[in-house]
Amino acid sequence: MEQRMRRATRGRVAALATVGLLLATGFVAPAAPVQAADTNLVVNGGFEDGLANWFVNNGNATDGAQLSATSDAYSGANAALVTSRTTTGSGPMQDLSGKVQAGQAYTLTARIKYENESGPATKQFFATMHYGGGTYTNLVSVTATKGQWAQFNGTFTIPATQTVSTARLFFETPWTSTPSTDPALHLMDFKLDDVSVIGAAPPAPASKTIEVVGKLPGEHNPLIGHKFGADGFGLVHDGRVYMYMTNDTQGYAPNPTTGVSPGINYGDINQITVISSEDLVNWTDHGEIQVAGPNGVAPFTANSWAPGITKKVVNGVEKFFLYYANGGGSSNVITGASPLGPWTSERTSTLIDGRTPGAETVAWKFDPAPFVDDDGQPYLYFGGGPASTSMPPAERFNNPKNIRAIALGDDMVSTEGTAAVVDAPVAFEAGHVFKRQGRYYFSYSSHFGGNDFGGNQQPLPGYPGGGQIGYMISDGPMSWPKETYAGVLFPNQSQFFGAGTGGNNHQSVFEFGGKYYFTYHAPTLNKRINGNTTQGYRSPHIQELTFNPDGTIQQVVGTYEGVDQVRDFDPYRVFEAETFGWSKGVATTKVDGSSAQFGGAAPNLVVRDIDNGDWTALSSVSFGDNGAQNLTARVRALAAGGQVQVRLDDVNGPVVGTVAVDTPVGQWAEVTAELDGVSGVHDVYFTYTGPAGVDLFEIDNWAFAAATLDLPVTASASTRCVGGKAYVTVQARNDHDAPVGITLETPYGERSFAAVAPGANAYQSFNTRAVSVSAGSATVRVTGAIGGQDVTTVHTVQHPAGTCGG
Ligand SMILES: [Ca+2]
Ligand SMILES: [Ca+2]
Ligand SMILES: [Ca+2]
């Protein structure tokens, strides 16, 4: 089929080839007008960076060749040499996807040379675009003379109707299905240099920014409103909860006109998103870990779904082990030096796959969830998908035996022994284990029904319905007979969030501050963007998990309200601006350098896409009784006239401070604004204003400074003469509304007064024992309490010179 499509496409080549021949003989077609904004879309077209950005055309499975750099260049030091070509299409390729546009005209130039002795005296070559699938279009042609550099020089216009989401340029010889019958004619080596495609600059990538308020002020679910995240797995470390999630935002591509993205494609996802919080309402965005794919931490994996994480001390070093599904076929693990990395791969092949003992019949060797027991023994739970067809149909549905438990090695990156069956009723995916009061809890997501089990089947009484979270309670981490089934822990999320929010789910449980919490996902942000017709982009949620006296779990109710904020937010520190309780219209991006708040190992993000009217907010910020004096922001101005307004309790609340982002455009700088009347506990809204239609600035981090606490006194010092000696006299009146201690200090002695009443004075004359004294100073040290907080204020007072007699 592919060959036939390809041949049909090639049918249109003849006319173009004629143009190419005319071009080669100097019959030049009129060139498209070149505009000032035109740009060369080819990177490293002269091969002076070696083979960077180039690869061998792999549009068909049979395509193949060797690409190398050669010093036999048309210009500069390098050209490309292609050898061992297996098809006529085998040649150097560069991906121009996202750069070329339908309806646009481009000028293509390149130099090409072939030299094979047994080859023909002249040979035609094509520059061709592969638009994906079987769609190939020859762009420009040249007929070269053996041993001489020939020049491609022509224009092409991409049809307005052409889909260009895939557009890959390559160089080839004219197509034939059986090139091996005459390789000297069809499969000769050739050299390529100085490739350029000049035309309109690439379009700006379509915005992924979520413009709606996806997490409503006052609500705590979904956890974040500026991006998606699925399969959340909670890790508690050092007073924070970290959530690791499948990066559903990776393939999100809303149409600029309709705002509707194509449906989620799990195959696009090879990153894991990390957020963290110390209060469960204000979440810091730590960005994405590039786990899989060619540039991933573990490049031998292609996908990173459904993360599970735990920590363990290995050889005296605390490490963090992040497990993930490499698609449905295998699972893997990467190692972090902290919850935020840096991440490395200790393995060169997948951890769980077809070689794993006891997992051979598991259809989907995915959804790995680690658990470390109190004795330090680690386990991994994984698996799912259709039951083995060798099982009786009824059992295939109700007891599919498709989940496994296996011991992990002490290194956490190997398995030990044989995997045990977890006989979870109607199990489908998403196994997870936690321990409470000496008993083990296994939770999982149930099958949706369908034909995986040989026809329509009904769950046994009490067994989960479709897409529900069931759970089991056992006395052993490897012992999960069906009798340990304990019920449905969480119905399908659509029961709570309505139309458009059904589909799969994936849960975890963590303990934080003495309470248990249940994480799950629901496409609630997707629903706020697109209404009841959602495209499968999921968002993280948390609810509290409560237990009955017998240890069974009270069924969780999903709400937008979510969980209580467990502590007020501390503003008196440098904290990342990518920390939100709620937000509107902003996005985040990773930048070079480390986080000011989380240290050298942690990635740093900034808030971007800040337009007039956008805002971010923090929930329940505690400024204390004495309040804040100022706010400092690290910002990069992108336009003149931008401002941050600081408001309390509501996006339209009173403005208590205004930060003018008046620093040089394009440069990072700190700006500070005084605050007026900010004390106690408030939600804080940062509202952004400035010229419309442009990004105003980016923000890296914030820091509030507490108001300086000052014990007020009226102090003075003077000199006088008594009995022929100079004295320094110091006086301080307590202007505070409560008693204070006052110490008067001079080089000639000091005196302390306890409990000086409001309005009363501390007074002392100090004998210098000299007839004269130079001008100098005395110190007045005041101690007391303001708003229950101990405060010491130090004042310095000057005295003049004084001389007795003379
Ligand atoms: Ca060159
Ligand atoms: Ca915006
Ligand atoms: Ca930051």
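Source: prediction; values computed, not measured.

(A) Just the overall build of the chain, in detail. A count of helical and extended segments in the chain gives six helices and 51 strands. For a compact globule of 806 residues, the expected C-alpha radius of gyration is about 28 Å, and the chain comes in at 35 Å, more than 25% above that figure. Dimensions along the principal axes, computed over C-alpha positions, put the chain at roughly 125 × 75 × 50 Å. Expressed as a percentage of its 806 residues, the buried residues of the chain come to 53%. At a minimum sequence separation of 6, the contacts of the chain that also span at least 24 residues come to 66%. Summed over its atoms, the accessible surface of the chain is roughly 31,900 Å², and 50% of this surface lies on carbon and sulfur atoms. Each charge sign in the chain was given a centre, from 48 positive and 71 negative side chains, and these centres are 4 Å apart.

(B) Inspection of the environment of Lys-319 at higher detail. Turning to its location among the elements, Lys-319 is positioned in strand 17 (residues 317–326). Under the relative-accessibility criterion, Lys-319 is labelled partly exposed at 24%. A sequence separation of 237 residues divides Lys-319 from Val-82, and the C-alpha atoms of the two residues are 46 Å apart. If we skip the residues at most four places from it in the chain, Lys-319 touches Thr-310, Lys-311, Lys-312, Thr-335, Gly-336 and Glu-346.

(C) Region of interest: the coordination of the calcium ion (ligand 1). The coordination sphere of the calcium ion (ligand 1), as far as protein atoms go, consists of Gly-46 (O), Glu-48 (OE), Ser-75 (O), Asn-78 (O), Asp-193 (OD) and Asp-193 (OD), spread over 2.3 to 2.8 Å. As a motif over one chain, the donors of the calcium ion (ligand 1) read G-x1-E-x26-S-x2-N-x114-D. Note that Glu-48 is positioned in the loop between strand 1 (39–40) and strand 2 (55–56) and Ser-75 in the loop between strand 3 (66–70) and strand 4 (79–83), a separation of 27 residues in sequence. Relative accessible area serves as the criterion here: at 27%, Ser-75 is assigned to the partly exposed category.

(D) Inspection of the sheet that holds strand 45 (residues 740–746) at higher detail. With antiparallel pairing, four strands are arranged side by side in an open sheet as 46-45-49-50. Where the open sheet ends on each side, the last strands, each with one partner, are strand 46 (749–756) and strand 50 (789–799). Pairs of neighbouring strands in the sheet enclose a mean axial angle of 15°, with direction left out of account. The pairing of strand 45 with strand 46 spans six bridges and is antiparallel. Among the inter-strand pairings, Thr-746 is bridged to a residue of strand 46, identified as Gly-749.

(E) Up close: the sheet that holds strand 12 (residues 230–237). Strand order across the open sheet formed by five strands is 12-13-14-15-32, with antiparallel pairing between neighbours. The open sheet has two edge strands, strand 12 and strand 32 (579–580), and neither has a second partner. Two strands pair when backbone bridges link them, and strand 12 and strand 13 (residues 240–246) are joined in this way by six bridges, in the antiparallel orientation. Within the sheet, the bridge partner assigned to Ala-230 lies in strand 13 and is Thr-246.

(F) Fine view of unusual backbone geometry. Backbone torsion omega between Asn-221 and Pro-222 reads -10°, so that peptide bond is classified as cis. Structurally, Pro-222 can be placed in the loop between strand 11 (190–199) and strand 12. Look at the link from Gly-341 to Pro-342: it is a cis peptide, with omega at 0°. Position of Pro-342 relative to the elements: it lies in the loop between strand 18 (330–336) and strand 19 (343–344). A positive phi angle is found at Asn-53, which is not glycine, with a value near 75°. Among the structural elements, Asn-53 can be located in the loop between strand 1 and strand 2. On the accessibility criterion, Asn-53 (44% relative accessible area) is partly exposed.

(G) Examining the coordination of the calcium ion (ligand 3) more closely. Around the calcium ion (ligand 3), the protein contributes the donor atoms Glu-576 (OE), Glu-578 (OE), Glu-578 (OE), Asn-604 (OD1), Leu-605 (O), Asp-700 (O) and Asp-700 (OD), which lie 2.1 to 2.6 Å from the metal centre. Each donor residue of the calcium ion (ligand 3) lies on the same chain, and together they follow the pattern E-x1-E-x25-N-L-x94-D. With Leu-605 in strand 35 (residues 599–608) and Asp-700 in strand 42 (residues 697–706), this residue pair connects regions lying 95 residues apart in the sequence. Here Leu-605 and Asp-700 have matching classes, each one buried.

(H) Up close: the state of the cysteines. This structure, assessed with the given rule, holds one disulfide. Between the sulfur atoms of Cys-721 and its disulfide mate Cys-804 the distance is 1.8 Å. On the sign convention where negative is left-handed, the bridge of Cys-721 and Cys-804, at about 130° about the S-S bond, is right-handed. Highlighted residues: Cys-721 in strand 43 (residues 713–722) and Cys-804 in the segment after strand 51 (802–803), separated in sequence by 83 residues. Cys-804 sits in the buried class, given a relative accessible area of 11%.

(I) Region of interest: the side chain of Ser-620. With respect to the helices, strands and loops of the structure, Ser-620 is situated in strand 36 (residues 615–622). There is a polar contact of 2.7 Å between the side chain of Ser-620 and the side chain of Asp-568. Setting aside chain neighbours within four positions, we find Ser-620 in contact with Gln-565, Asp-568, Phe-569, Val-681, His-682 and Asp-683.

(J) Representation of the pairing of strand 38 (residues 642–648) in the model. Burial analysis of strand 38 places six of its seven residues in the buried class, which makes it a mostly covered element. Where strand 38 hands over to strand 39 (residues 655–661), the hairpin turn is made up of six residues, of which Asp-649 adopts a positive phi near 75°. Note: strand 38 against strand 41 (residues 681–689), six bridges, orientation antiparallel. When the bridges of strand 41 are listed, Leu-648 appears paired with Val-684.

(K) Looking closely at the packing of aromatic side chains. For the structure shown, the criterion picks out 41 aromatic pairs. Taken together, a centroid distance of 5.9 Å and an interplanar angle of 45° make the contact between Tyr-114 and Phe-125 tilted. Of the two residues, Tyr-114 is situated in the loop between strand 6 (105–113) and strand 7 (122–130) and Phe-125 in strand 7; the sequence distance between them amounts to eleven residues. Residue classification places Phe-125 among the buried residues on the basis of a relative accessible area of 0%. Summarising the aromatic geometry, the rings of Phe-490 and Tyr-520 are spaced 4.5 Å apart at their centres and angled 50° between planes, so their arrangement reads as tilted. Of the two residues, Phe-490 sits in strand 27 (residues 485–490) while Tyr-520 sits in strand 29 (residues 515–522), which places them 30 residues apart along the sequence. Grouping residues by exposure puts Phe-490 and Tyr-520 together as buried. Through successive ring pairs, a cluster of aromatic residues spans Phe-569, Tyr-572, Phe-575, Phe-623, Phe-686, Trp-702 and Phe-704. Directly above the aromatic system of Phe-547 lies the positively charged group of Arg-436, at a separation of 3.8 Å from the ring centroid. The ring centre of Tyr-560 lies 4.4 Å from the NZ or CZ of Arg-528, which sits over that ring.

(L) Looking closely at the nonpolar core. Ranked by internal contacts, the top residues of the largest apolar core, which has 37 residues, are Phe-152, Leu-169 and Phe-171. Among the elements of the structure, strand 4, strand 6, strand 7, strand 8 (136–145), strand 9 (150–157), strand 10 (168–172) and strand 11 are those that each provide at least two residues to this core. Setting aside chain neighbours within four positions, we find Phe-171 in contact with Trp-54, Gly-89, Ser-90, Gly-91, Pro-92, Ala-110, Phe-126, Ala-127, Phe-152, Phe-190, Leu-192 and Val-195.

(M) Spatial organisation of the pattern of salt bridges. Taken as a whole and judged by the stated rule, the model has 22 salt bridges. Put simply, Asp-72 and Lys-113 hold a salt bridge, and the shortest N to O gap is 2.8 Å. One end of the pair, Asp-72, is in the loop between strand 3 and strand 4; the other, Lys-113, is in strand 6, and 41 residues separate them in sequence. Exposure remark for Lys-113: the relative accessible area of 8% places this residue in the buried category. In this structure, the salt-bridge partner of Lys-584 is Asp-614, at a minimum N-O distance of 3.8 Å. Here Lys-584 is found in strand 33 (residues 582–584), whereas its partner Asp-614 is found in the loop between strand 35 and strand 36, with 30 residues between them in sequence.

So, how was this worked out
- Residues numbered from 1 in each chain as written.
- Chains lettered and ligands numbered in written order.
- Predicted model: local features only at pLDDT ≥ 70, side-chain atom pairs only at ≥ 80, totals over all residues.
- Heavy atoms only, no water.
- Helix = DSSP H or I, 4+ residues; strand = E, 2+ residues; numbered from the N terminus.
- Rg over C-alpha atoms; globule rule 2.2 N^0.38 Å.
- Buried < 20%, exposed > 50% of the residue type's maximum accessible area, 1.4 Å probe, protein only.
- Contact = heavy atoms within 4.5 Å.
- Areas by Shrake-Rupley, 256 points an atom, 1.4 Å probe, with all protein chains shown as cover.
- Lys, Arg positive; Asp, Glu negative; His and termini not counted.
- Charge placed at Lys NZ, Arg CZ, Asp CG, Glu CD.
- Donors = N, O, S within 2.8 Å, 3.2 Å for Na, K, Ca; no water.
- Pairing = 2+ DSSP bridges.
- Axes fitted to C-alpha atoms, helices over the stretch in contact; angles between N-to-C directions.
- Disulfide = S-S within 2.5 Å.
- Polar contact = N/O pair within 3.5 Å; in protein donor to acceptor, adjacent residues only side chain to side chain.
- Phe/Tyr/Trp six-rings, centres within 6.5 Å; stacked < 30°, edge-to-face > 60°.
- Lys NZ or Arg CZ within 6 Å of the ring centre and 35° of its normal.
- Core = buried A, V, L, I, M, F, W, Y, C linked by side-chain atoms within 4.5 Å.
- Salt bridge = Lys/Arg side-chain N within 4 Å of Asp/Glu carboxyl O.

Everything listed here is a matter of geometry and, on its own, says nothing about what the molecule does.
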